[in-house]
Amino acid sequence: MAAGLTIDSGNTAWMLMSTALVMMMMLPGLALFYGGLVRAKNLLSVMSQVLGIAAVAILVWIGWGYSLAFAGGWAMVGGLSKLGLATVDGDSPWALPTAGQAIPELVFVAFQMTFAAITAALIIGALAERVRFSAIILFTAMWLTIVYAPLAHMVWAPGGFLYAFGAIDFAGGTVVHVNSGIAGLVGVLFAGPRIGHLKEAMPPHSLALTMVGVGLLWVGWFGFNAGSALEANGTAAVAMLNTFAAPAAGVLAWMAAERIVSGKPSMLGGASGAVAGLVGVTPAAGISGPLGAMLIGAAASFACYAFVGSMKNRLRVDDSLDVFGIHGIGGIVGSIGTAIVALPAMGGHAAADYSLGWQFLRQLAAVGTAIAWSAAGSALCFGVVKLALPLRHHRDAEREGLDISDHGERAYNF
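Bear in mind the structure is a predicted one, so any value in this text is a computation, not a measurement.

Novice: Mind showing me how you'd approach the overall build of the chain here?
Specialist: Along the backbone of the chain there are 14 helices and 3 strands. When the backbone C-alpha atoms are referred to their principal axes, the chain occupies close to 65 × 50 × 35 Å. Every one of the 414 residues in the chain was classed for burial, and the buried ones make up 57%. For the chain, the proportion of contacts with a sequence separation of at least 24, taken over those separated by at least 6, is 77%. As displayed, the chain has an accessible area near 15500 Å², and 70% of this comes from carbon and sulfur atoms. Within the chain, one finds 18 positive and 19 negative side-chain charges whose respective centroids are separated by 15 Å.

Novice: Can you help me understand the packing of helix α10 (residues 290–314) against helix α11 (residues 323–341) in this one?
Specialist: The relative placement of two packed helices is expressed as an angle between their axes plus a distance between the axes. Look at α10 against α11: their axes get within 9 Å of each other, and the N-to-C directions meet at 145 degrees. As α10 packs across α11, the resulting crossing turns out to be right-handed. Seen from α10, the contacting residues are G292, I296, A299, A300, A303, C304, F307 and V308; seen from α11, they are F324, G325, I326, I329, G330, V333, G334, G337, T338 and V341.

Novice: Got a minute to help me understand the packing of aromatic side chains in this structure?
Specialist: Two descriptors summarise a pair of aromatic rings, namely the distance from one centre to the other and the angle between the planes of the rings. Summed over all chains, the structure comprises 21 aromatic pairs. Centroid distance W61 to Y148: 6.1 Å. Interplanar angle 65 degrees. Geometry classified as edge-to-face. Linking W61 in helix α2 (residues 43–70) with Y148 in helix α4 (residues 133–156), this pair joins segments that are 87 residues apart in sequence. Ring centres of F190 and F382 lie 5.9 Å apart, and the angle between their planes is 25 degrees; on these two criteria the pair is classed as stacked. Separated by 192 residues along the polypeptide, F190 in helix α6 (residues 173–191) and F382 in helix α12 (residues 356–388) bring together distant segments of the chain. For F190, a relative accessible area of 25% puts it in the partly exposed group. Aromatic rings pair up to connect W61, Y66, F70, W94, F108, F139, W143, Y148, F190 and F382 into one cluster.

Novice: It is not clear to me how the packing of helix α7 (residues 207–226) against helix α8 (residues 234–262) should be interpreted in this structure. Could you clarify?
Specialist: With their axes 9 Å apart at the nearest point, α7 and α8 run at an angle of 140 degrees to one another. The angle between the axes of α7 and α8 places the two elements in the oblique class. By crossing handedness, the relation of α7 to α8 is classed as right-handed. Judged by residue contacts, W218, W221, F222, N225 and A226 of α7 engage A236, A239, M240, T243, F244, P247 and A248 from α8. Looking at the contact of α7 with α8 residue by residue, the classes come out as 10 nonpolar, 2 polar and no charged.

Novice: Looking at this structure, I do not really get the nonpolar core. What am I missing?
Specialist: Formed by 107 residues in total, the largest nonpolar core has its most connected members in Y34, W61, F70, L127, W143, Y148 and F224. Ignoring any residue separated from it by four or fewer positions in sequence, one finds F70 in contact with W61, W94, F108, Q112, W156 and A157. Counting 7 residues, the second-largest nonpolar core is a separate cluster that includes A245, V281, A284 and I296.

Novice: Could you clarify how one ought to interpret the pairing of strand β3 (residues 101–104) in this entry?
Specialist: Regular strands have side chains that alternate between both faces of the sheet. Strand direction decides the pairing type here: strand β1 (residues 6–7) and β3, joined by 2 bridges, are parallel. Across the sheet, residue I7 finds its bridge partner in β3, namely A102. Pairing between strand β2 (residues 93–95) and β3: 3 bridges, direction antiparallel. Each residue of the ladder has a partner; that of W94, found in β3, is I103. The antiparallel hairpin formed by β2 and β3 contains 5 residues in its connecting segment, where G100 sits at a positive phi of about 85 degrees.

Novice: Mind showing me how you'd approach unusual backbone geometry here?
Specialist: Glycine aside, residues mostly have negative phi, and peptide bonds are mostly found in the trans state. P28 follows L27 through a cis peptide bond whose omega is 15 degrees. Within the fold, P28 resides in helix α1 (residues 9–37). Phi is positive for L85, which is not a glycine, with a value near 55 degrees. Assignment of secondary structure puts L85 in the loop between α2 and β2. Positive phi, close to 80 degrees, is recorded for E129, a residue that is not glycine. Here E129 lies in the loop between α3 (105–123) and α4. E129 gets classed as buried once you look at its relative accessible area, which sits at 5%.

Novice: I tried to follow the sheet that holds β3 on my own but got confused; where do I start?
Specialist: The pairing of strands in a sheet comes from backbone hydrogen bonds and takes either a parallel or an antiparallel form. Judged by pairing direction, the sheet is mixed, and its 3 strands sit side by side in the order β1-β3-β2 without closing on themselves. The strands lining the two open edges of the sheet, one partner per strand, are β1 and β2. Packing against the sheet, α3 makes contact with β2 and β3, and its axis sits at approximately 65 degrees to β3.

Novice: Would you explain the environment of N11 in this entry?
Specialist: With respect to the element layout, N11 can be found in helix α1. Residue classification places N11 among the buried residues on the basis of a relative accessible area of 5%. N11 has contacts with L96, Q101, I103, L230, E231 and A232, leaving out every residue within four places of it along the chain. Engagement of the side chain of N11 in a polar contact is seen with the side chain of Q101, the distance being 3.0 Å.

Novice: What is the right way to read the environment of F170 from this model?
Specialist: Tracing the backbone shows F170 in the loop between α5 (161–165) and α6. Every residue in contact with F170, bar those within four places of it in the chain, is listed here: W156, N225, S228, A229, T235, A239, T282, P283, A285 and G286.

Quick notes on the rules
- Residues numbered from 1 in each chain as written.
- Predicted model: local features only at pLDDT ≥ 70, side-chain atom pairs only at ≥ 80, totals over all residues.
- Heavy atoms only, no water.
- Helix = DSSP H or I, 4+ residues; strand = E, 2+ residues; numbered from the N terminus.
- Buried < 20%, exposed > 50% of the residue type's maximum accessible area, 1.4 Å probe, protein only.
- Contact = heavy atoms within 4.5 Å.
- Areas by Shrake-Rupley, 256 points an atom, 1.4 Å probe, with all protein chains shown as cover.
- Lys, Arg positive; Asp, Glu negative; His and termini not counted.
- Charge placed at Lys NZ, Arg CZ, Asp CG, Glu CD.
- Axes fitted to C-alpha atoms, helices over the stretch in contact; angles between N-to-C directions.
- Left-handed = near helix turned anticlockwise from the far one by under 90°.
- Phe/Tyr/Trp six-rings, centres within 6.5 Å; stacked < 30°, edge-to-face > 60°.
- Parallel < 35°, antiparallel > 145°, perpendicular 65-115°, else oblique.
- Nonpolar A, V, L, I, M, F, W, Y, C, P; charged D, E, K, R; others polar.
- Core = buried A, V, L, I, M, F, W, Y, C linked by side-chain atoms within 4.5 Å.
- Pairing = 2+ DSSP bridges.
- Polar contact = N/O pair within 3.5 Å; in protein donor to acceptor, adjacent residues only side chain to side chain.

Encoded structure:
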């Protein structure tokens, strides 16, 4: 035990619960959310990809990902001193913001592991219904190593470049959402569009599954945001309330936009707005006030709706399940908007000497760094995968559906 640190059982219990909540976001939350949005012939495929990505992420994180992210090191990447968690045991403490208090480092490892896993799993939504299972498994192992772990180090590790620079990312606006959104967009450029894109109707096969999925995502997001306080304290309470407020505003903003544009607010629009609001508030969850959270949730929802409803098809981008359109755009809006909603005049919790201008520049720099790092690293990973394995199935196999082509199973046998 490090001198002067005491393991706090209450905070440890809170972080154990938060870790389980984030895992629930992915399995079953994200799997159901994505599964409902694809066509029935690809339901098991996308669920299997989420499951497989989770398994790979867990093993990579234990093996070397955690060390690269949080084991000292340099400004851009951590070191190798904690490979295989060889130096971490149940008595190893992880210091908390409150002086003298700690949680077991293994709990921190597990909490951050769920972040790595769901970030990688988000990417597959951009490529759903056309990429091979084996290719995405190889990509995940490479991407977590080259892209995710270094960016997590830059943003969250005390020695990281963006951490030292003063950029605010409470729970993953850049590390999780901008990162996965850009990676998904790069993947679309490598994989190309689905057969029939913009020519054939490709409606979601079960919005009921999607609704169940978004509900689990929202509940799990309390662990994601409030858990990022690392303590059961007032900051966690702020983050929890904001995780109610922002998606609520996002739901109504998206449905209002649909009502104005098309005449009918849809359930899918409401679900998309909830996710957009959650994405938008993630970087600001612990520093915004509730009114700021509502503002950022609505702003992210409107921005995502504008891209998904109009720009995506104009650009002919086949982002199947709108990973860039919601996580990328929402993450950018939320990360930059964090500078505004942190203002004490907005009800935010920044210090009295807070400088909006300087913080705005820091947030812009963080977003720019995340975009550049993710784009370059993701392109490298997809390029290597495409050289090593076929990224897509043949046309006939894709038309038959990836459930049969990849897994030899059907979701529905009636």
